[in-house]
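# Examination of the molecular architecture
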Amino acid sequence: MERKLDQTQALIEAERCLYCYDAPCEKACPAHVPVPEFIQSIRSGNLKGARELISLANPSIEVCGEVCPEEQFCQSVCTRTKIDTPIKIRELHKFVTDNVKLKDLELDLPPLNGRKVAIIGGGPAGLACARELRRFGVKSVIFEKKELGGIPVQEISKERLSDEISRSEAKQILELFNAEVRDKKITSINELHGEFDAVFISTGLTEELELDVKGVNLQNVYTARKLLKTIKSGMKTGLGKRVGVIGGGNVAVEVAAALKREDPSRDVEVVYRRGLKELRAFRDEIEEALELGVAFQFLAIPLEIKGTEKVEGLLCRRARLGETDSSGRRTFEEVPNSDFFIPFDTIVIAIGQKPSDIFSELEKTNNGLIKTNEDLETSMKGVFAGGDIVRGASTIVESVADGKKAAQSILKYLEGGKNV
Amino acid sequence: MFKKVDISIDFLGIHLDSPFILSAAPPTDELEMAERGLEEGWAGVILKTTSVEGNPVDLKNPMMSSFGPMSRKVVGLGNIDLISHHHIDVVEERVKYLKKKFPNKMIAASIMGASKEDWQTLVWRLKKAQVDLIECSFSCPQGSMGEEPGKMLAQSIEATEKVTRWVKEAADTTPVLIKITPQVTDIVEVAKAVKRGGADGITASNTIPSLTGVDIYTFEPYPTLFGEGAYSGLSGPAIKPITLRTIAEIARNVDIVISGNGGAFNWRDAVEFMAVGASNVQFCTLPMHYGFRTIRDLRSGLEHYLKEMGFASPMEIIGRALKNIKNQEDLVKPETRSEINYDKCIGCGLCYAACNDGGHMAISWDSELRKPTVNEDKCTGCAMCMQVCPVDAIRMKEKLDSKVHYFAERR
């Protein structure tokens, strides 16, 4: 999907911005990017100034310029909507990042102050935290067993986010903000041997939720994120010609689109218990999947994966929408005597992720997520956590915001409660 | 299919089928263009300013430069154009041709001379060609045909009166308009000089000497000719407020017919020009930007306006706003307060920002509700909040002797 604005388009779009006071878009952005300010800088032709503003607020601006769900955040509350259509904020953001790179700006960082923080997990939250800490003279050591960059680097398809952008952003944070990376898996705070002044845990959700139906152990049943990693690595999945993807979130839609893209002659169908409105994927991605030819089977509850050794199909029961639940979505209920069978040769389960069972010394929620207070501090003093391991599945920009917030809390902690 | 309204007027004894004419400028510099303009429906043309054959006209290109926000580039148009490179011999023939082809349109010509002989020769030759009207450019910002180098003719009261007299002597019964510049200390004195000189009317006014821009990376002025530039004559919407004041000031002080020129970009602007005293309105930048087809909306907009206002003729508009223009010290002093229409308010907070940092800190802001509230005790009614509201949700409530008036600018 082409989203690139040229200079004329960007200037015309920037002209439309009302430059609201106390702007709702800025408040709605988890990273609090000063939207009217950076748009004003585009308007005046001060693209470097615009880049500085966005970069200060959001350490992951290249990635967010590509994949941030603006319809969920900034654009959803744009005042301009009350007159006509919202400002294309992400496109303007991308216009800035396309035209000014971080290396075009001169950094002015304070000398390191001798403090050292361990960051466990080198995804968007961890990188954001490392960058923010360095801005205040604190060195970070990132523990990352896989490739630095997290989900944007490892799972988001190349069509939505190029390797160049996701990898270079992670690399830049390392190089320009002097973070050190150690290729080591940490599962307990004790492993850090008192080397650090504070700890930030941002491991994300590493395990996939399992579908509790008969037949999940058959051949040709896969989990979504493993497939996304395979596709991202450039390898062929070798999956069959009729693939059912069970789930209703971004990962389900993303894997369905990726499989269709890999082999356009393959039938890919997303099977979801609720309706289109309840689908928890970003609008852009749903549209893109539809354009690619992904089919959607709504109001279908998977009952059993059928087959002897290999998958032969999925037995479902028809659902209908019920009352609205606490999440604002309508619930579903089964329709009696409505079972139906969809022939598939492959099933992909994409019903969500859960945390792995590590850091047992920390207090957890019922879902296994790490509990924190408002400052993102865990039950252990000096140990902070953020991103998906605290929130559950969330967006990149929310993880980035957590990384920034945790860094501020860590700095406060290191200063002995003094606000930095 | 729809009932038409008569928007014709009489102007110095010439019948115009609308008050809208093409000014002496690039759109009338070629015969074919003048013809097309008239065919499209313009009421008349003033052919681009011409001179005697011996007068060299050294045009330099590129000659145009504009400024404005990106979404609308031409708010102001600057040009370093001069008069036409077609001399009087060509223009004479064009006048004869156009007069024959368009007997019901006004065919006028504009002239500029350097000596009494030039001025009177030009007038005499145009008269022989049966021109309807002669306009004299005393104000081309690029040329220096005045008494002193770099000075426009109309910047000298004495020269204005003297040259006007020469022209009128030769023109006799042919109507003469003197086109002046707003770039003077006292426009009224200039207009009085024109009247004393015997002209039939005054064209108020011309482009305004300007510098449209400078490239901040190369420091080349715009328009740039190999890195160098000159001051240009500014036209377009940017100068409309200046022209309006110029027309009004002449109309309030001198009994002379005025042809409005400079910055009108639509029929509403034209109505404003007429309301402050212009008898007709000349257009240049509008057709240069969007073409001659713009006459269609000019005519239709004026027709519907006349119907709505119950006016029988555009002539009823002329000078209607003049009685309301006063000196600041003569204005009444109402008690004024800002009033917000919350049904229209979109909660952008611009009124708050403007009042807080540029007004009297009389508007408070509820961040949760995104709602501005006017503190009547602090509000002085300066109307700055009204100017920045993007949806016209603010008007000023004025009270005087228990009478209430609302100031709201209609767009």
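Keep in mind that what you see is a predicted model, and the values were worked out from it rather than measured.

Reading the values: the criteria
- Residues numbered from 1 in each chain as written.
- Chains lettered and ligands numbered in written order.
- Predicted model: local features only at pLDDT ≥ 70, side-chain atom pairs only at ≥ 80, totals over all residues.
- Heavy atoms only, no water.
- Helix = DSSP H or I, 4+ residues; strand = E, 2+ residues; numbered from the N terminus.
- Rg over C-alpha atoms; globule rule 2.2 N^0.38 Å.
- Buried < 20%, exposed > 50% of the residue type's maximum accessible area, 1.4 Å probe, protein only.
- Areas by Shrake-Rupley, 256 points an atom, 1.4 Å probe, with all protein chains shown as cover.
- Contact = heavy atoms within 4.5 Å.
- Buried area = accessible area lost by both parts, 1.4 Å probe.
- Salt bridge = Lys/Arg side-chain N within 4 Å of Asp/Glu carboxyl O.
- Domains from an automatic or database assignment.
- Pairing = 2+ DSSP bridges.
- Axes fitted to C-alpha atoms, helices over the stretch in contact; angles between N-to-C directions.
- Phe/Tyr/Trp six-rings, centres within 6.5 Å; stacked < 30°, edge-to-face > 60°.

### Quick word on the overall build of chain B
Helices and strands together make up the secondary structure of chain B, namely eleven helices and 21 strands. The globule rule puts the C-alpha radius of gyration for 411 residues at 22 Å, and the 24 Å found for chain B is close to it. With the C-alpha coordinates of chain B rotated into their principal frame, the extents come out at 75 × 55 × 45 Å. Scored against the burial criterion, the 411 residues of chain B give a buried share of 53%. Here chain B displays about 19,600 Å² of accessible surface, and carbon together with sulfur accounts for 51% of that area.

### Observations concerning the interface of chain B and chain A
Contact with chain B, which involves 15 residues of that partner, is made by 15 residues of chain A. The junction of chain B with chain A conceals about 1,200 Å² of combined surface from both sides, 65% of it contributed by carbon and sulfur atoms. Summed over the shared surface of chain B and chain A, the number is one salt bridge. The residue A:Asp22 makes a salt bridge to B:Arg370 at a minimum N-O spacing of 4.0 Å.

### Concerning the domain arrangement of chain B
Entries for chain B in the domain assignment read domain 1 (9-324) and domain 2 (332-398). Inter-centroid distance (C-alpha atoms) of domain 1 of chain B to domain 2 of chain B is 41 Å.

### Points about the sheet that holds strand S10 (residues 201-204) of chain B
All names here are of chain B. Strand order in this closed barrel of eight strands is S3-S4-S7-S8-S9-S10-S15-S16, and the pairing throughout is parallel. On average, adjacent strands in this sheet sit at an angle of 25° to one another, irrespective of strand direction. As paired elements, strand S7 (residues 106-111) and strand S8 (residues 133-137) share four bridges and run parallel to each other. From the neighbouring strand, Ile-111 faces S8, where its bridge partner is Cys-136. Strands in contact with helix H2 (residues 88-101) are strand S4 (44-50) and S7; relative to S4, the strand with the most contacts, it is inclined by about 170°.

### Details of the packing of aromatic side chains
Residue and element names in this part refer to chain B. Enumeration according to the criterion identifies twelve aromatic pairs over all chains in this entry. A centroid spacing of 5.8 Å and a plane angle of 75° characterise the contact between Phe-20 and Phe-283, whose relative ring orientation is edge-to-face. Residue Phe-20 is found in strand S3 (residues 20-22), and its partner Phe-283 is found in strand S16 (residues 280-283); the two are separated by 263 residues along the sequence. No difference in accessibility class separates Phe-20 from Phe-283, as the two residues are buried.

### Here's the deal with the sheet that holds strand S11 (residues 313-324) of chain A
All names here are of chain A. Taken together, three strands build an open sheet; the order of strands is S10-S11-S12 and the sheet is antiparallel. Edge positions in the open sheet fall to strand S10 (300-306) and strand S12 (330-343), since each of these has one partner strand only. Neighbour to neighbour, the strand axes of the sheet diverge by 20° on average, direction disregarded.

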